[in-house]
Number of protein chains: 2
Amino acid sequence: MKNFEEKTIQSTKIFDGKVVKLQVDEVTLPNGHTSKRETVKHPGAVAIIPITKDNKILFVEQYRKPLEKNLVEIPAGKLEEGEKPEATALRELEEETGYTTDHLSFVTSFYTSPGFADEIIHLYLTENLIPLEVKKDLDEDEFVELIELTLEEAEQYVQTERIHDAKTAYALLYLRLQGMKRT
Amino acid sequence: MKNFEEKTIQSTKIFDGKVVKLQVDEVTLPNGHTSKRETVKHPGAVAIIPITKDNKILFVEQYRKPLEKNLVEIPAGKLEEGEKPEATALRELEEETGYTTDHLSFVTSFYTSPGFADEIIHLYLTENLIPLEVKKDLDEDEFVELIELTLEEAEQYVQTERIHDAKTAYALLYLRLQGMKRT
């Protein structure tokens, strides 16, 4: 493994928001020159693949302001400070789908945009969905619609770009691969 | 499809950098209340899955300042203004691997972090790698090492988190699924 480390000479905080922070670091490059690196700091997130008893997948449709349109995605949400990813996954599952579970399996984790952001997503799967008797509230600025699809239907949503984000695309390939391993 | 549109009341530009821009929009929510949305604007990117004649995959290892560590990823890069994704893919393949190609297949595209960023990645695959006689220069602040791995080796890199980003994780599942379809 080559040492390409970029040492920070000076770090300038540009923005500290509700969701993201932004900083610009002046760094020393491996060749001794200097450059600037823009970094979006994010608290990290979880996503959950919820599979129902009749082998459908639960998704949420929501408006994504950065894209100025709706997307259909697997349930997901940001880590709150000090919260363990599995606790976040359970909370987001409950808030967004109205189901809870007694078993979350860890699938994988990945950085979404390592070139400019430190966001990591921890991905879980559950096949043990239990309807909540009392529904949980969403965040006050959150509006989502629950959608239940077969894997084949979800793959059609990819074709029409109603599903169009990395974590959901990964989840669908993962399910397709699991299904092929079983058969 | 529900109308969850969030109309912008006021948009404030916070930062205009080399790679990202940041803006905060005050919006009207579907319930009539107002809220703020932080959006990172990104030019979009491409990624390429380069497969060699002996069925290995080419990766690049590089230091990722937002994570303060090296990652091994499929070759990728940002769209330049007015550049078509396929042209970017060819340029990045040439700069980062020293190979060119006469055929890029489009695999898919996805938004990496639709909650806070508009970055989209266009993913291509090529099996027709042709060594460049004259190597291309990388960007002056870019330092990468070329790594050639079998799919099985790359999957081990996922286990040890040397491969740990969404586009590369997606690419490996995609190749595994294609391989299983063939056999």
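Residues numbered from 1 in each chain as written. Chains lettered and ligands numbered in written order. Predicted model: local features only at pLDDT ≥ 70, side-chain atom pairs only at ≥ 80, totals over all residues. Heavy atoms only, no water.

Trainee: Break down unusual backbone geometry for me, citing the residues and quoting the values.
Mentor: Look at Glu68 of chain A: it is not a glycine, yet its phi comes out positive at around 55 degrees. Its location among the elements puts Glu68 of chain A in the loop between β5 (57-64) and β6 (69-73). Even without glycine at this site, Asn55 of chain B takes up a positive phi of about 65 degrees. Tracing the chain through its elements places Asn55 of chain B in the loop between β4 (45-50) and β5 (57-64). You can call Asn55 of chain B exposed: its relative accessible area is 55%. (Helix = DSSP H or I, 4+ residues; strand = E, 2+ residues; numbered from the N terminus. Buried < 20%, exposed > 50% of the residue type's maximum accessible area, 1.4 Å probe, protein only.)

Trainee: Could you give an account of the relation of the copies chain B and chain A, naming the residues involved and the relevant values?
Mentor: Superposition of chain B onto chain A requires a rotation of 180 degrees combined with a translation of 0.0 Å along the rotation axis, giving an RMSD of 0.0 Å. With respect to symmetry, the two chain copies, as superposed, fit the operation of a two-fold axis. Comparing interface residues between copies, 100% of those in chain B also sit at the interface in chain A, which points to an isologous, same-surface contact. (Least-squares fit on C-alpha atoms with pLDDT ≥ 70 in both. Contact = heavy atoms within 4.5 Å.)

Trainee: Could you give an account of the domain arrangement of chain A, naming the residues involved and the relevant values?
Mentor: Residues and elements named next belong to chain A. For chain A, the assigned domains are domain 1 (7-41) and domain 2 (45-177). If you average the C-alpha positions of domain 1 and of domain 2, the two centres end up 31 Å apart. If you look at the interface, domain 1 gives 6 residues, while domain 2 gives 5 residues. Contact between domain 1 and domain 2 buries roughly 410 Å² in total, counting both sides, with carbon and sulfur atoms accounting for 48%. Three residues, Val19, Val40 and Lys41, lead the burial of domain 1 against domain 2; their summed loss comes to 68% of the area buried on that side. For Asp141, the salt bridge is made with Lys18, and the minimal N-O distance between the two is 3.5 Å. Across the contact surface, domain 1 and domain 2 share 3 residue pairs in polar contact (both at pLDDT 80 or more). For the side of domain 1 that touches domain 2, a count of residues per class yields 2 nonpolar, 1 polar and 3 charged. (Domains from an automatic or database assignment. Buried area = accessible area lost by both parts, 1.4 Å probe. Salt bridge = Lys/Arg side-chain N within 4 Å of Asp/Glu carboxyl O. Polar contact = N/O pair within 3.5 Å; in protein donor to acceptor, adjacent residues only side chain to side chain. Nonpolar A, V, L, I, M, F, W, Y, C, P; charged D, E, K, R; others polar.)

Trainee: I'd love a proper account of the sheet that holds strand β9 (residues 105-111) of chain A, names of residues and values included.
Mentor: Residue and element names in this part refer to chain A. Reading across the sheet, the 4 strands line up as β7-β4-β10-β9 and stay open at both edges, with mixed pairing between neighbours. At either margin of the open sheet sits one strand with a lone partner, and together these are β7 (76-78) and β9. When the angles between neighbouring strand axes are averaged without regard to direction, this sheet yields 20 degrees. As paired strands, strand β4 (residues 45-50) and strand β10 (residues 120-126) are joined by 6 bridges and run parallel to one another. Looking across to β10, one finds that Ile49 is bridged to Leu125. Here helix α1 (residues 85-97) sits on the sheet and contacts β4, β7 and β10; the angle it forms with β4, its principal contact strand, is near 55 degrees. (Pairing = 2+ DSSP bridges. Axes fitted to C-alpha atoms, helices over the stretch in contact; angles between N-to-C directions.)

Trainee: Give me the interface of chain B and chain A: which residues, what numbers.
Mentor: Of the residues lining the interface, 70 residues belong to chain B; the matching set on chain A comes to 70 residues. Both faces considered, chain B and chain A share a buried interface measuring about 6,200 Å² in area, 68% of it formed by carbon and sulfur atoms. Summed over the shared surface of chain B and chain A, the number is 2 salt bridges. Notably, a salt bridge pairs Arg37 of chain A with Asp141 of chain B, separated by 3.0 Å at the nearest N-O pair.

Trainee: Tell me what's going on with helix α2 (residues 151-159) of chain A, and back it up with residues and numbers.
Mentor: All names here are of chain A. When we look at burial in α2, the residues that qualify are Leu151, Ala154 and Tyr157. Along the long axis of α2, the arc covered by the buried residues comes to 110 degrees, so they all point the same way. Residues of α2 that are exposed and point over 90 degrees away from its buried face: Gln156 and Gln159. (Arc of directions from axis to C-beta.)

Trainee: Which residues make up the nonpolar core, and what values do they have?
Mentor: With 58 residues, the main nonpolar core has Ile49 and Phe59 of chain A together with Ile49 and Phe59 of chain B as its most contacted residues. Among the nonpolar cores identified, the runner-up in size contains 14 residues, and Leu22 and Val24 of chain A together with Phe15 and Val24 of chain B belong to it. (Core = buried A, V, L, I, M, F, W, Y, C linked by side-chain atoms within 4.5 Å.)

Trainee: Tell me what's going on with the environment of His122 of chain B, and back it up with residues and numbers.
Mentor: Residue and element names in this part refer to chain B. With respect to the element layout, His122 can be found in strand β10 (residues 120-126). Judged by its relative accessible area of 15%, His122 falls in the buried class. Residues His122 and Thr88, 34 residues apart in the sequence, show an inter-C-alpha distance of 9.8 Å. Residue contacts for His122: discarding those within four places in its chain leaves Ala45, Val46, Ala47, Leu79, Pro85, Phe106, Thr108 and Ser109.

Trainee: Before we move on, can you summarise the environment of Glu5 of chain A with the specific residues and values?
Mentor: Within the fold, Glu5 of chain A resides in the segment before β1 (7-16). For Glu5 of chain A, a relative accessible area of 37% puts it in the partly exposed group. Placed 22 residues apart in sequence, Glu5 of chain A and Val27 of chain A show a C-alpha to C-alpha distance of 9.4 Å. When sequence neighbours within four positions are dropped, the list of residues in contact with Glu5 of chain A reads Thr28 and Pro30 of chain A together with Tyr63 of chain B.

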